[in-house]
Amino acid sequence: MDELVDLVAKKAGISGTQAKKAVETVIGFMNERLPEPIGGHLDDYLEGNVSQDNISQVTKGLGGLLGKK
């Protein structure tokens, strides 16, 4: 997530503290609104905690969003 915070700070021309708050706000918003398992694994992905099981769960979730079971 630090990489994303740094990118937001640079692109928006804001401080790291402001960028972190913005990123946390967007991630919280997405976690609340994305269907499981996507929302539940978002923090894991941003922290680099990606496993094959997580990828499989998210792939299934994306398929469901696109009308596949």
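Numbers given to residues run from 1 along each chain, matching the order in which its sequence is written. pLDDT decides what is reported in this predicted model: residues at 70 or higher carry local features, side-chain atom pairs at 80 or more are listed and counted, and totals for whole chains, interfaces and linings draw on all residues regardless. The basis for every side-chain value is the complete set of non-hydrogen atoms in the structure, without hydrogens or water.

Let's talk about the overall build of the protein chain
Helix and strand labels come from DSSP, where a helix needs a run of H or I of at least four residues and a strand needs a run of E of at least two; each type is numbered from the N terminus. Within the protein chain, the regular secondary structure consists of four helices and zero strands. Along the protein chain, helices (α) and strands (β) appear in the sequence α-α-α-α when read from the amino end. Partly exposed describes any residue whose relative accessible area lies between the buried limit of under 20% and the exposed limit of over 50%, with all areas from a 1.4 Å probe on protein chains only and scaled to the type maximum. For the protein chain, the proportion of its 69 residues judged to be buried stands at 20%. The long-range fraction of contacts in the protein chain, counting pairs at least 24 apart against all pairs at least 6 apart in sequence, stands at 21%. Computed with the Shrake-Rupley method and a 1.4 Å probe, the accessible areas treat only the protein chains shown as cover for residues. Surface exposure of the protein chain reaches about 5,100 Å², of which carbon and sulfur atoms provide 56%. Contacts are assigned to residue pairs that have any heavy atoms within 4.5 Å of one another.

So, the packing of helix α1 (residues 2-12) against helix α2 (residues 16-33)
Every angle, taken between N-to-C directions, lies between 0 and 180 degrees, and every axis is a line fitted to C-alpha atoms, over only the stretch in contact when it is a helix. Closest axis-to-axis distance for the α1/α2 pair is 8 Å, and the angle between their directions is 115°. The chirality of how α1 crosses α2 is right-handed. Here Leu4, Val5, Val8 and Ala9 of α1 come into contact with α2, specifically with Gly16, Ala19, Lys20 and Val23. By the definition used in this description, the sense in which the near helix is turned from the far one sets the handedness, with an anticlockwise turn below a right angle giving left-handed and a clockwise turn giving right-handed.

Quick notes on the confidence of the model for the protein chain
For the protein chain, mean pLDDT is 80; residues scoring 70 or higher make up 71% of the total. Per residue, pLDDT measures the predictor's confidence, with a range of 0 to 100. The lowest-confidence element of the protein chain is helix α4 (residues 52-65), averaging 63 in pLDDT; the highest-confidence one is α1, averaging 95.

Some thoughts on a negative patch on the surface
Judged by side-chain charge, Asp2, Glu3, Asp6, Asp43 and Glu47 come together as a negatively charged surface patch. The dominant element in the negative patch, judged by the number of residues it contributes, is α1, at three residues. Mapped onto the elements of the fold, glutamate 47 is located in the loop between α3 (38-46) and α4. Glutamate 47 gets classed as partly exposed once you look at its relative accessible area, which sits at 49%. Put simply, a patch holds well-exposed residues, over 30% relative accessible area, that have no salt bridge, with like charges counted together within 9 Å and Val, Leu, Ile, Met, Phe, Trp or Tyr side chains within 5 Å. Take a side-chain nitrogen of Lys or Arg and a carboxyl oxygen of Asp or Glu: if they are within 4 Å of each other, that pair is a salt bridge. His is not counted, nor are the chain ends, whereas Lys and Arg count as positive and Asp and Glu as negative. Here the site of a charge means NZ on Lys, CZ on Arg, CG on Asp, or CD on Glu.

Details of the environment of isoleucine 27
Summarising the element assignment, isoleucine 27 is placed in helix α2. Judged by relative accessible area, isoleucine 27 falls into the buried class, the value being 6%. Sequence separation between isoleucine 27 and leucine 42 is 15 residues; the distance between their C-alpha atoms is 7.7 Å. Residue contacts for isoleucine 27: discarding those within four places in its chain leaves Met1, Leu42, Asp43 and Leu46.

A short note on α2
Between its first and last C-alpha, α2 extends 26 Å over 18 residues, near the 26 Å set by a 1.5 Å rise per residue. Turning to α2, its buried residues are Ala19, Val23 and Ile27. In a view along the axis of α2, the buried residues occupy a sector of 65°, so they form one face of it. Counted as exposed and oriented over 90 degrees from the buried face of α2: Thr17, Lys21, Thr25, Glu32 and Arg33. Between the first and last residue of a helix there are one fewer steps than residues, each counted as 1.5 Å, and that sum is the expected span. In this context, the arc is that of the directions from the helix axis out to the C-beta atoms.

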